[in-house]
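Observations on the model geometry
What follows is each chain in one-letter form.
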Amino acid sequence: MLVEEIMKTEVITLPPNATIASALQLLQEHRIRHIPIVNRNNEVIGIVSDRDVRDASPSVFIKNESTEHSELDNEIKMIMSTPVITIHPLDFVEEIARVFYDKEIACLPVVNENKLVGIVTEKDMLYTLIQLTGITVQSSVIEVKVPDIPGIIPKVATVFGKRKINIASVLVYPYKNDPNFKILVFRIQTMNPLPIIQDLRNAGYRLLWPNNIPEPKA
Amino acid sequence: MKKNAAFIFSNKFLNYHFHEKHPFNQKRLQLTKELLEQSNALTSEDLVLPREASDKEIALFHDEDYIEAVKRASFGQLSDDEKSEFGLGTEDTPIFEGMHEASALLVGGSLTAVDEVLNRRVNHSLNLGGGLHHGFKRKASGFCIYNDGAIAIRYIRKNYNLRVLYVDTDAHHGDGVQSAFYDDPDVCTFSIHETGRYLFPGTGNVDERGIKKGFGYTFNLPIDAFTQDESFLEVYEAAIRKIAKFFKPDIIVTQNGADAHTYDPLTHLCTSMKIYERIPEISHELAHEYCGGRWIALGGGGYDIWRVVPRAWAQIWNVMKMDTINTGPLPRTWIEKWQRESTVSIPNHWHDTNIEAFPYIPRKLEISEKNSKLLNQLLKYTFHVQ
C-alpha cells in the first residue's frame, strides 16, 4: 500500500511570517496537532506542533492576570522545527510506520517535486494498520500452526478455496520463540467455519485455541 | 378476556431452507411446536398465522434494489457482481427457490407478533421463525436475508411511536439490528454474545455505544469463549436490569438465539439449559415492570436442533403463557418420534441432567473475572442510574 492511498490532501498550512496566535487558532479550530510551514512556492520549510505553540504560550496561571499577550504576536518561524522529515507519495505504508517509530514523531508531510501534496498522521497510520488486519470485516477467525517452510501458505489456502470461502485477511505471526513454526491467522467470511475446521484437521494441520478441541466443545 | 400470549406459526416457515447440509434448519420450529403441544402447553387457540410482509414494509429497513435482487435471485437472474454486492449466493446465504417469499413470511410473522400485542389482543407474542439479526440494509449475511427484527422495530416506531428495548441473547453479535438503530435514541439495543475475537461477525465490542443522538443507546457485552452458566447469568442479569432501568422502555423485543449451549456446534460458549430458563423469566419480569407486559420474542440462531433448541424455545412459550418454566421429564411420544431421525441422543428432561456432558474448563475463574470486568465497563455508562 502506498502513501498516496492513505494521505490527506487537504492540508492546513501557514506562511513563516504568520503569528503564533494564528497557529493557535488554527489548531483549535480544526482540532489538529501539526501545521506545516510553507513558503510562497508551497515548499515545506518547517513544521509546528501543538506542543511548540503551547510552549510559546503564557502559562494558565498568568493568563488571567493580563490581557496583553505579546508573545503570541511573534512570527511562527521563530518556533518552527526545521529541517522537516518528509515522505513521498510513492513510499510504502510499512516504511513510514517505521519512520514514525524510529523518529518518535506524529506527523509526516508528503512532498512531491519539492511541493507539499499531502499529510499523514500517526492516527491515519494506525487506522490503516487496523484495516490491514481485516478486523473491520464480518468474519470468523481460524489460527493454524504450520512449519515455517516455502509453499505452506498456498497449501493451507487451498483448503479455503475448495470450500469457496472468501479469505478477508491473512496474518503471519512467529510461533512463540520457535523459529521452526509460524502461526497463520485467517479471517474468513463465513458464520459456519465447521467444514473448514474439519478439512484442516483432516489435512493434518494443527489448529490453535479455541478450535483445537476435538469435538465441538465437550 | 385478553389472553396471555400468541404463538405465531405456519408450516410455510419451513420453506426458509437453504439446503440439506446447511446448519440453519427450520425443522427446529416443528420440533418446538410439537414439544409444546404434547406437553399440553400449546393449543390451536394459541396459534396465529403469520401474514406475508409487503415490499413496502420490508423497505422500512432494506433498500428497494436489495429487495429486487432477492426476488430475482430465485430465478437465477443475478450476475456474480450483484451476488457479491448483496451477499447472496455465498456459502452462508446460498440462493434457493422462493427465497423472497419465504423470507417475507418470516418478516410478516414478526409484524403479526407486533400487531397481536399492540392491538391489545395479547400481552406477549412469540415468532420463533424470526430473529434474523445479521441482515443488513442492502446485504444478506450470516444465514439472514431480511432482518425481521429491525423491520418490526421500525414498524413499531412508525405506527405506534413506542420506545423499544431490543435484547439479543444469541451467541453471535446482533450486528444488523445494531446498525439499524445506531443513531436512534428511541431504540435501545443490548447484545450479549461470545467475543468477536474468533467468532463471526467479529463486532460487538463494549465500546460500540452508538453515534450522534443515538450515542449511549447501544450496549454490548462480548463475553469470553467457554463462558459457563454462573458467569453468563451473573453478568447478563446485572446488565439487563440496569439497562432497563436506564432506558425505561415502552415495549421489549427479544432475539432468543439458542446457540450459546455447550452442545451448539458453531460457537465456543459453554452454557446449559439453565440460561434458557432464566432468560425468558427475566424478559417476562421486565416487560411487566416497565411495559405493561408488552413483550415480543423472536427466534434466531441455534444449531443443535435436537438437544438444545426445542427445549430452549419451548421455555419461552411456557413463561409467556403459564408465567413459569416447565420442569420434569419430556413427553415420551415426542422423544420417540424424533429419536428415529436424530443422530444424537435426545434428552429426557427439560433441565440438563447429565452434568458429565459439560466440560471442565480450567480457565473458568479467569473467564469469569474477565466477564465481570466487561460488565463494569458497560455499567459505567449507566452509572447515573441508581
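Just so we're clear, the structure is a prediction, and the values are computed from it rather than from any experiment. Each residue is numbered by its place in its chain's sequence as written, counting from 1. Chain letters start at A and ligand numbers start at 1, both assigned in the order the entries are written. Local features in a predicted model are, by the rule used here, given only for residues with pLDDT of at least 70; side-chain atom pairs are given and counted only at 80 or more, and totals for whole chains, interfaces and linings are based on all residues.

1. Here we look at the overall build of chain A
The condition that has to hold: Counting from the N terminus, the helices are DSSP H or I runs at least four residues long and the strands are E runs at least two residues long. Whether a residue is buried, exposed or partly exposed is read from the other C-beta atoms within 10 Å of its own C-beta, which are placed from the backbone; 20 or more gives buried, 12 or fewer gives exposed, and intermediate counts give partly exposed. Any two residues are considered in contact once their C-beta atoms, placed from the backbone, lie within 7 Å.
Scanning chain A for helices and strands turns up 8 helices and 8 strands. With the C-alpha coordinates of chain A rotated into their principal frame, the extents come out at 75 × 45 × 30 Å. The 218 residues of chain A split such that 23% are buried. Partitioning the intrachain contacts of chain A with sequence separation of at least 6 by distance along the chain shows that 64% fall at a separation of at least 24.

2. A closer look at the sheet that holds strand S8 (residues 206–207) of chain A
Residue and element names in this part refer to chain A. Heads up, the rule is: DSSP-based pairing: two strands are paired if at least 2 bridges between them are found.
Pairing is antiparallel across the open sheet formed by 4 strands, whose spatial order is S6-S7-S5-S8. Each edge of the open sheet is held by one strand with a lone partner, namely strand S6 (167–175) and S8. Two strands pair when backbone bridges link them, and strand S5 (residues 140–147) and strand S7 (residues 178–188) are joined in this way by 8 bridges, in the antiparallel orientation. Each residue of the ladder has a partner; that of Val146, found in S7, is Lys182.

3. Focus on the interface of chain A and chain B
Where we set the bar: All residues other than Ala, Val, Leu, Ile, Met, Phe, Trp, Tyr, Cys, Pro, Asp, Glu, Lys and Arg, Gly among them, are scored as polar; the first ten of these are nonpolar and the last four charged.
At the junction of the two partners, chain A supplies 16 residues and chain B supplies 23 residues. Of the residues contributing to the side of chain A that touches chain B, the split by class is 8 nonpolar, 5 polar and 3 charged.

4. Observations regarding the confidence of the model for chain B
Low pLDDT marks regions whose predicted coordinates should not be analysed in detail. Under the convention used in this document: pLDDT is defined as a per-residue confidence score from the predictor, taking values between 0 and 100.
Looking at chain B as a whole, its pLDDT mean stands at 96, while 99% of the residues score no less than 70. Scored by ipTM, the complex comes to 0.79, with pTM at 0.88.

5. Structural notes on the pairing of strand S4 (residues 164–168) of chain B
Residues and elements named next belong to chain B. Definition in use: Looking down the strands as they point away from you, a crossover is right-handed if its path from the first strand over the helix to the second goes clockwise.
Of all 5 residues in S4, 5 are buried; the element is thus mostly enclosed. Burial of S4 is two-sided: the residues Val164, Tyr166 and Asp168 facing one way and the residues Leu165 and Val167 facing the other way are all buried. Sheet topology places S4 next to strand S5 (residues 187–194); 5 bridges connect them, and they run parallel. Note on S5: the bridge partner recorded for Leu165 is Cys188. Between S4 and its parallel partner S5, the chain crosses via helix H7 (residues 175–180), and the hand of that crossover is right-handed. The sheet contact formed by S4 and strand S7 (residues 251–255) spans 5 bridges and is parallel. The residue of S7 that forms the bridge with Val167 is Thr254.

6. Brief notes about the domain arrangement of chain A
Put simply, the rule is: Marked domain ranges trace back to an automatic or database domain assignment.
Domain parsing of chain A yields domain 1 (3–130) and domain 2 (134–207). Taking only C-alpha atoms, the centre of domain 1 of chain A and the centre of domain 2 of chain A are 42 Å apart.

7. Here's the deal with the packing of helix H1 (residues 27–38) of chain B against helix H10 (residues 309–322) of chain B
All names here are of chain B. Rules: A fitted line through C-alpha atoms serves as each axis, taken over the contacting stretch for helices, and the angle formed by two N-to-C directions is quoted from 0 to 180°. Orientation labels follow simple angle bins: below 35 degrees gives roughly parallel, above 145 gives roughly antiparallel, 65 to 115 gives roughly perpendicular, and whatever is left gives oblique. Take the far helix as the reference: if the near one is turned anticlockwise from it by less than a right angle, the crossing is left-handed, and if turned clockwise, right-handed.
Two elements in contact, H1 and H10, have axes whose closest approach is 9 Å; the angle formed by their N-to-C orientations is 55 degrees. Considered as vectors, H1 and H10 are oriented oblique to each other. Every pair of crossing elements has a handedness; the one defined by H1 and H10 is right-handed. Contacts from Arg28, Leu31, Thr32, Leu35 and Leu36 of H1 reach H10 at Val309, Pro310, Trp313, Ala314 and Trp317.

8. Observations concerning H1 of chain B
Residues and elements named next belong to chain B. This is how the line gets drawn: Take the residue count of a helix, subtract one, and multiply by 1.5 Å to get its expected span.
Over its 12 residues, H1 runs 17 Å from end to end, which matches the ideal 16 Å to within 8%, given 1.5 Å per residue. Where H1 is concerned, the buried positions are Arg28, Leu29, Leu31, Thr32, Lys33, Leu35 and Leu36. Residues of H1 that are buried make contact with H10 and helix H11 (332–339). Immediately downstream of H1, the backbone of Asn40 shows phi near 60 degrees, a positive value.

9. Concerning unusual backbone geometry
Backbone torsion omega between Thr82 of chain A and Pro83 of chain A reads -5 degrees, so that peptide bond is classified as cis. Its location among the elements puts Pro83 of chain A in the loop between helix H4 (60–63) and helix H5 (93–103). The omega torsion across Phe200 of chain B and Pro201 of chain B is -5 degrees, close enough to zero to call that bond cis. You can see Pro201 of chain B is positioned in the loop between S5 and strand S6 (218–223). The backbone of Asn42 of chain A sits at a positive phi, close to 65 degrees, despite the residue not being glycine. Tracing the backbone shows Asn42 of chain A in the loop between strand S1 (34–38) and strand S2 (44–49). A positive phi angle, close to 45 degrees, is found at Lys212 of chain B, a residue other than glycine. Its place among the elements puts Lys212 of chain B in the loop between S5 and S6.

10. A short note on H10 of chain B
Residues and elements named next belong to chain B. Look at H10: 20 Å from first C-alpha to last across 14 residues, which is about the 20 Å you get at 1.5 Å a residue. Of all 14 residues in H10, 13 are buried; the element is thus mostly enclosed. Following H10 by one or two positions, Asp323 has its phi on the positive side, about 65 degrees.

11. As for the sheet that holds S6 of chain B
Residues and elements named next belong to chain B. What the 8 strands build is an open sheet, ordered S2-S1-S3-S8-S7-S4-S5-S6; its pairing is parallel. The sheet terminates laterally at strand S2 (47–48) and S6, the two strands that pair on one side only. Those strands touched by helix H8 (residues 229–247) are S4, S5 and S6, and its axis lies near 175 degrees from that of S5. Strands strand S1 (3–8), strand S3 (122–127) and strand S8 (295–298) of the sheet are contacted by H10, whose axis makes an angle of about 150 degrees with S1.

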